[in-house]
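# Summary of structural features
The lines below spell out each chain.
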Amino acid sequence: MGNIKFVKENKEIVAADGANLRLKAIENGIDIYKFLGKMTNCGGYGQCATCIVEVVEGLENLSPRTDFENRKFKNKPDNYRLACQTMVNGPVSVITKP
């Protein structure tokens, strides 16, 4: 079990190991999309790159980056992730809409 702390929202939720970060955020009323992303997101299939989060703690407790994330974020810090492609396996703190 791992807690997910959403820093900007000052909210912490409990997630089972292997939980999808995007789904846990949505289930708990956390808005992870910027304005345009609300209308154009792919629904969690890892194709649009609109559910970006910045991991500030617990990066080692997340699944490895996917090939799409590596291509999308090649000029971004290693702690940028797509919430829809990220599985949580321990405590983590994230910033939504970095």
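Okay, so let's go over this structure. (Residues numbered from 1 in each chain as written. Predicted model: local features only at pLDDT ≥ 70, side-chain atom pairs only at ≥ 80, totals over all residues. Heavy atoms only, no water.)

With three bridges connecting them, strand E4 (residues 52–57) and strand E5 (residues 80–82) associate as antiparallel partners. Bridge pairing in E5 links Val 53 to Arg 81. In this sheet, strand E7 (residues 92–96) lies alongside E4 in antiparallel orientation, the contact comprising four bridges. Residue pairing for E7: Glu 57 is matched across the bridge by Ser 93. (Pairing = 2+ DSSP bridges. Helix = DSSP H or I, 4+ residues; strand = E, 2+ residues; numbered from the N terminus.)

According to the stated counting rule, one finds one aromatic pair in the structure shown. For the pair Phe 73 and Tyr 80, a centre-to-centre distance of 6.3 Å together with 75° between the ring planes defines the contact as edge-to-face. (Phe/Tyr/Trp six-rings, centres within 6.5 Å; stacked < 30°, edge-to-face > 60°.)

Take the environment of Lys 72 next. Looking at the element boundaries, Lys 72 is found in helix H3 (residues 67–72). Classification of Lys 72 by relative accessible area gives partly exposed; the value is 44%. When the C-alpha positions of Lys 72 and Leu 82 are compared, they lie 9.5 Å apart, and in sequence the two are 10 residues distant. (Buried < 20%, exposed > 50% of the residue type's maximum accessible area, 1.4 Å probe, protein only.)

Side chains of Phe 35, Leu 36 and Met 39 sit close together on the surface and give an oily, nonpolar patch of about 390 Å² of accessible area. Within the secondary structure layout, Phe 35 lies in helix H2 (residues 35–40). Overall, Phe 35 belongs to the exposed group, its relative accessible area being 63%. (Patch = residues over 30% accessible without salt bridge, like charges linked within 9 Å, V, L, I, M, F, W, Y side chains within 5 Å. Areas by Shrake-Rupley, 256 points an atom, 1.4 Å probe, with all protein chains shown as cover. Salt bridge = Lys/Arg side-chain N within 4 Å of Asp/Glu carboxyl O.)

A word on the side chain of Thr 96. Mapped onto the elements of the fold, Thr 96 is located in strand E7. Judged by relative accessible area, which is 0%, Thr 96 ranks as buried. Polar side-chain contacts of Thr 96 include one of 2.6 Å to the side chain of Glu 9. (Polar contact = N/O pair within 3.5 Å; in protein donor to acceptor, adjacent residues only side chain to side chain.)

On to the environment of Gly 18. Examined against the element boundaries, Gly 18 turns out to sit in the loop between strand E2 (11–15) and strand E3 (19–20). Once the C-alpha coordinates of Gly 18 and Glu 57 are considered, the two residues, 39 residues apart in sequence, prove to be 17 Å apart. Ignoring any residue separated from it by four or fewer positions in sequence, one finds Gly 18 in contact with Met 87, Val 88 and Asn 89. (Contact = heavy atoms within 4.5 Å.)

This part takes up the state of the cysteines. Per the stated rule, a full pass over the model turns up zero disulfides. For Cys 42, which is in no disulfide, the shortest distance to another cysteine sulfur is to Cys 48 and amounts to 3.7 Å. For Cys 42, a relative accessible area of 21% puts it in the partly exposed group. Cysteine Cys 84 is unpaired, with the sulfur of Cys 51 as its nearest cysteine sulfur at 3.7 Å. The exposure class assigned to Cys 84 is buried, which follows from its relative accessible area of 6%. (Disulfide = S-S within 2.5 Å.)

Interpretation note: all reported values are geometric properties and have no functional meaning in isolation.
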